[in-house]
Amino acid sequence: QVQLVESGGGLVQAGGSLILSCAASGRTFSSYSMGWFRQAPGKEREFVVVITWNGGRTYYADSVKGRFTISRDNTKNTVYLQMNSLKPEDTAVYYCAARRSMVLTTTQEMYNYWGQGTQVTVSS
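Cut-offs used in this document
Residues numbered from 1 in each chain as written. Predicted model: local features only at pLDDT ≥ 70, side-chain atom pairs only at ≥ 80, totals over all residues. Heavy atoms only, no water. Buried < 20%, exposed > 50% of the residue type's maximum accessible area, 1.4 Å probe, protein only. Helix = DSSP H or I, 4+ residues; strand = E, 2+ residues; numbered from the N terminus. Pairing = 2+ DSSP bridges. Contact = heavy atoms within 4.5 Å. Polar contact = N/O pair within 3.5 Å; in protein donor to acceptor, adjacent residues only side chain to side chain. Phe/Tyr/Trp six-rings, centres within 6.5 Å; stacked < 30°, edge-to-face > 60°. Lys NZ or Arg CZ within 6 Å of the ring centre and 35° of its normal.

**Side note on the pairing of strand 11 (residues 118-123)**
On strand 11, burial follows the alternation: Thr118, Val120 and Val122 on one face are buried, whereas Gln119, Thr121 and Ser123 on the facing-out side are not. Where strand 9 (residues 92-99) meets strand 11, 3 bridges bridge the pair, whose relative direction is antiparallel. If you follow valine 93 over to strand 11, its bridge partner there is glutamine 119.

Set out below in structure tokens:
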């Protein structure tokens, strides 16, 4: 079992930055691909970014490419999402997810574990 806890959400003005963290329990964190997803009010949850077990590969949604950066520290069992140049349309609940695989995927159903989410609100 892997438990995921997100933190770092909050209210920020457009153009600002936030860093989200996702702390994972379990001794096998380094064998999981980690993804971030988000769900805006009235919309379905969508893929944001994913990172391989060793951080060697990443894949971003076009909507965040160049503004968001994912990273991970396997010694701390933590994955991070640096969000810059935030826009009002980035407002959503952000979820981290873990997949017991070394293969990247953007498909939510392929992820084994989910956090409870953290709210990010970007004001205009």
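**Points about the environment of serine 21**
Mapped onto the elements of the fold, serine 21 is located in strand 3 (residues 18-24). Separated by 15 residues in the primary sequence, serine 21 and glutamate 6 place their C-alpha atoms 5.5 Å from one another. Here serine 21 is in contact with Val5, Glu6, Ser7, Trp36, Thr78, Val79 and Tyr80, once residues within four sequence places are set aside.

**Side note on the side chain of threonine 52**
Its place among the elements puts threonine 52 in the loop between strand 5 (46-51) and strand 6 (58-60). A polar contact is formed between the side chain of threonine 52 and the backbone nitrogen of arginine 57, at a distance of 2.9 Å. The contacts of threonine 52, once residues within four sequence positions are left out, are Tyr32, Ser33, Arg57, Arg72, Met102 and Leu104.

**Observations regarding the packing of aromatic side chains**
The full count for this structure, using the stated rule, is 6 aromatic pairs. Linked through ring pairs, Phe37, Phe47, Tyr59, Tyr111 and Trp114 together constitute an aromatic cluster. Taking NZ or CZ as reference, arginine 45 lies 5.1 Å from the ring centre of tyrosine 95, over its face. We note arginine 45 situated over the ring of tryptophan 114; from NZ or CZ to the ring centre the distance is 3.8 Å.

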